[in-house]
Amino acid sequence: EAGVAQSPRYKIIEKRQSVAFWCNPISGHATLYWYQQILGQGPKLLIQFQNNGVVDDSQLPKDRFSAERLKGVDSTLKIQPAKLEDSAVYLCASSAPRGGRNEQFFGPGTRLTVL
Amino acid sequence: KQEVTQIPAALSVPEGENLVLNCSFTDSAIYNLQWFRQDPGKGLTSLLLIQSSQREQTSGRLNASLDKSSGRSTLYIAASQPGDSATYLCAGTTGTYKYIFGTGTRLKVLA
C-alpha cells in the first residue's frame, strides 16, 4: 500500500513570494490534514478535510494561507504572500475513521525556508 | 482549550535500559490517542493507537497505556537500542478527529 505522498520535499523562497505544496493521501482515506511544524515544536493543525469539505480551519491564517481538496483526493496548500515566520515543515496526513478508530498516516513533509 | 505536555523534553540513556515517556492532557476526555516517532528531517511514523474503548496497546518492545481519568498516557520502551533514537510525539483527539500534539521527547540511546 502506497503511503502519503508530498511534493516538493524542499522549497526556498523570498518573503512576499507565493508557494504551493501538494499532497496525495493514501487511497480510500476520506480525511486529510495539513499541519505546520516549526523547529522544536509539535505539529499544529492548519486545516482538516473530510472528502472535499472543510471540517476545521480554525488555525489557518486565512489572509495568506489557502487550501483545497478537489474531488476529495489530492490537496494543495498555498501561501501568498509568504512571511519569514512561515519557515517550517508542512506535513500532510490522511486517515480513514471507522468504528471509533482514527489512525493518521503522515507524508515525508515539505521543508519551507523563507528568506 | 486542549493542551498536551510531554515529559521529559529530552532523554539520554545507555543501550539496554527500559524507559518511560509521559504525555498529559489538560482535557482528560481523550477519544483516540496516538504515539508517533519522528526521525530528523522525516515525517511522523505511527507507533501505537489507543481507541477510547481501550486502555493499552503493545507492539514489540513498545507498550502504550492511557488513563482517561487523569488524562495521562505513557509509552514504555523495553530494552532500548541505538536505533530507537528519535523524537517521540503523542497526540490525542477529543471526539472530532482533530488531533492535538505535544512538543515531543527527544530520545538518544547510547551504544
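Residues numbered from 1 in each chain as written. Chains lettered and ligands numbered in written order. Predicted model: local features only at pLDDT ≥ 70, side-chain atom pairs only at ≥ 80, totals over all residues. Heavy atoms only, no water.

A few points about the state of the cysteines
Residue and element names in this part refer to chain A. Note the following rule: In this description, the term disulfide denotes a pair of cysteine sulfurs within 2.5 Å. A run of DSSP states H or I qualifies as a helix once it reaches four residues; a run of E qualifies as a strand once it reaches two. Both are numbered from the N-terminal end.
If you walk through the whole model with that rule in mind, you get 2 disulfides over all chains. Residue pairing for C23: its cysteine sulfur links by disulfide to C92, the two sulfurs lying 1.9 Å apart. A torsion of -70 degrees about the S-S bond marks the disulfide between C23 and C92 as left-handed. With C23 in strand 3 (residues 19-24) and C92 in strand 9 (residues 88-95), the pair connects residues that are 69 residues apart, well separated along the chain.

Overview of the pattern of salt bridges
Residues and elements named next belong to chain A. Note the cut-off: Only one rule defines a salt bridge in this text: a Lys or Arg side-chain nitrogen within 4 Å of an Asp or Glu carboxyl oxygen. Each residue is placed in one exposure class: buried if its accessible area under a 1.4 Å probe, protein chains only, is under 20% of its type's maximum, exposed if it is over 50%, and partly exposed if it falls in between.
Within this structure, the stated rule accounts for 6 salt bridges over all chains. Note that D57 and K62 form a salt bridge whose closest N and O atoms lie 3.7 Å from each other. A salt bridge links R64 to D86; the shortest N-O distance between them is 2.5 Å. One end of the pair, R64, is in the loop between strand 6 (53-56) and strand 7 (65-68); the other, D86, is in the loop between strand 8 (75-79) and strand 9, with 22 residues separating them in the sequence. Here the two residues R64 and D86 agree in accessibility, since each one is buried.

Considering the packing of aromatic side chains
Selection criterion: Ring pairs are drawn from Phe, Tyr and Trp, using the six-membered ring of Trp, whenever the two centres fall within 6.5 Å, and their geometry is named by plane angle: stacked under 30 degrees, edge-to-face over 60, tilted for the rest.
Considering all chains together, one arrives at 8 aromatic pairs over all chains under this definition. Ring centres of F106 of chain A and F101 of chain B lie 6.1 Å apart, and the angle between their planes is 80 degrees; on these two criteria the pair is classed as edge-to-face. With F106 of chain A in strand 10 (residues 105-106) and F101 of chain B in strand 10 (residues 100-101), this pair bridges two chains. According to the relative accessible area criterion, F106 of chain A is buried, its value standing at 10%. We classify F101 of chain B as buried; its relative accessible area is 9%. Residues F36 of chain B and F101 of chain B carry aromatic rings whose centres are separated by 5.5 Å and whose planes lie at 35 degrees to one another, so their mutual orientation is tilted. Here F36 of chain B, found in strand 4 (residues 32-38), pairs with F101 of chain B, found in strand 10; they are 65 residues apart in sequence, far enough to count as distant. For the pair shown, F36 of chain B and F101 of chain B are each scored as buried. Linked through ring pairs, Y33, Y35 and F106 of chain A together with F36 and F101 of chain B together constitute an aromatic cluster.

Some points on the interface of chain B and chain A
Reports often express the size of an interface as the amount of accessible area lost when the parts come together. We count it as follows: Here, two residues are considered to be in contact whenever any of their heavy atoms come within 4.5 Å of each other. By buried area we mean how much accessible surface two parts lose on assembly, using a 1.4 Å probe and totalling the loss over both. In protein, a polar contact means a hydrogen-donor-capable atom and an acceptor-capable atom, both N or O and within 3.5 Å, with residues adjacent in sequence counting only if both atoms are side-chain atoms; elsewhere, any N or O pair within 3.5 Å suffices.
Contacts between the two partners involve 20 residues from chain B, matched on the other side by 25 residues from chain A. Buried surface at the junction of chain B and chain A, summed over both partners, amounts to about 1800 Å²; 48% is from carbon and sulfur atoms. It is Y97, K98 and F101 of chain B that lose the most area in chain B upon contact with chain A, and together they represent 30% of the buried surface on that side. Our count for the chain B to chain A interface comes out at 1 salt bridge. For D56 of chain A, the salt bridge is made with K98 of chain B, and the minimal N-O distance between the two is 3.4 Å. Where chain B meets chain A, there are 7 residue pairs in polar contact (both at pLDDT 80 or more). Top element by residues in the side of chain B that touches chain A is strand 4 of chain B. It accounts for 4 residues.

With respect to the confidence of the model for chain A
Worth spelling out the cut-off: pLDDT is a per-residue confidence score from the predictor, ranging from 0 to 100.
In the predicted model, chain A carries a mean pLDDT of 94, and 99% of its residues have values of at least 70. The secondary structure element of chain A with the lowest average pLDDT is strand 6 of chain A, at 92, and the one with the highest is strand 8 of chain A, at 98.

Comments concerning the sheet that holds strand 8 of chain A
Residues and elements named next belong to chain A. Let me state the cut-off plainly: Whether two strands pair comes down to DSSP finding at least two bridges between them. The convention used is that axes are lines fitted to C-alpha atoms, helices contributing only their stretch in contact, and that angles between N-to-C directions extend from 0 to 180 degrees.
Pairing within the open sheet is antiparallel, and its 4 strands lie in the order 1-3-8-7. With one partner strand each, in any of the chains shown, strand 1 (5-7) and strand 7 form the two edges of the open sheet. Averaged over all pairs of adjacent strands, the angle between strand axes in this sheet comes to 15 degrees, irrespective of strand direction. With 4 bridges joining them, strand 7 and strand 8 adopt antiparallel strand pairing. Counterpart to F65 in the pairing with strand 8 is I79.

Section: unusual backbone geometry
The amide bond that connects Q80 of chain A to the next residue, P81 of chain A, takes the cis arrangement and shows omega of -5 degrees. In this chain, I7 of chain B is followed by P8 of chain B through a cis amide linkage whose omega measures 0 degrees. Counting through the fold element by element, P8 of chain B comes out in the loop between strand 1 (4-7) and strand 2 (10-14). Positive phi outside glycine occurs at R16 of chain A, with the angle close to 80 degrees. Inspection of the secondary structure puts R16 of chain A in the loop between strand 2 (10-13) and strand 3. Even without glycine at this site, A79 of chain B takes up a positive phi of about 45 degrees. Mapped onto the elements, A79 of chain B comes out in the loop between strand 8 (72-77) and strand 9 (86-93).

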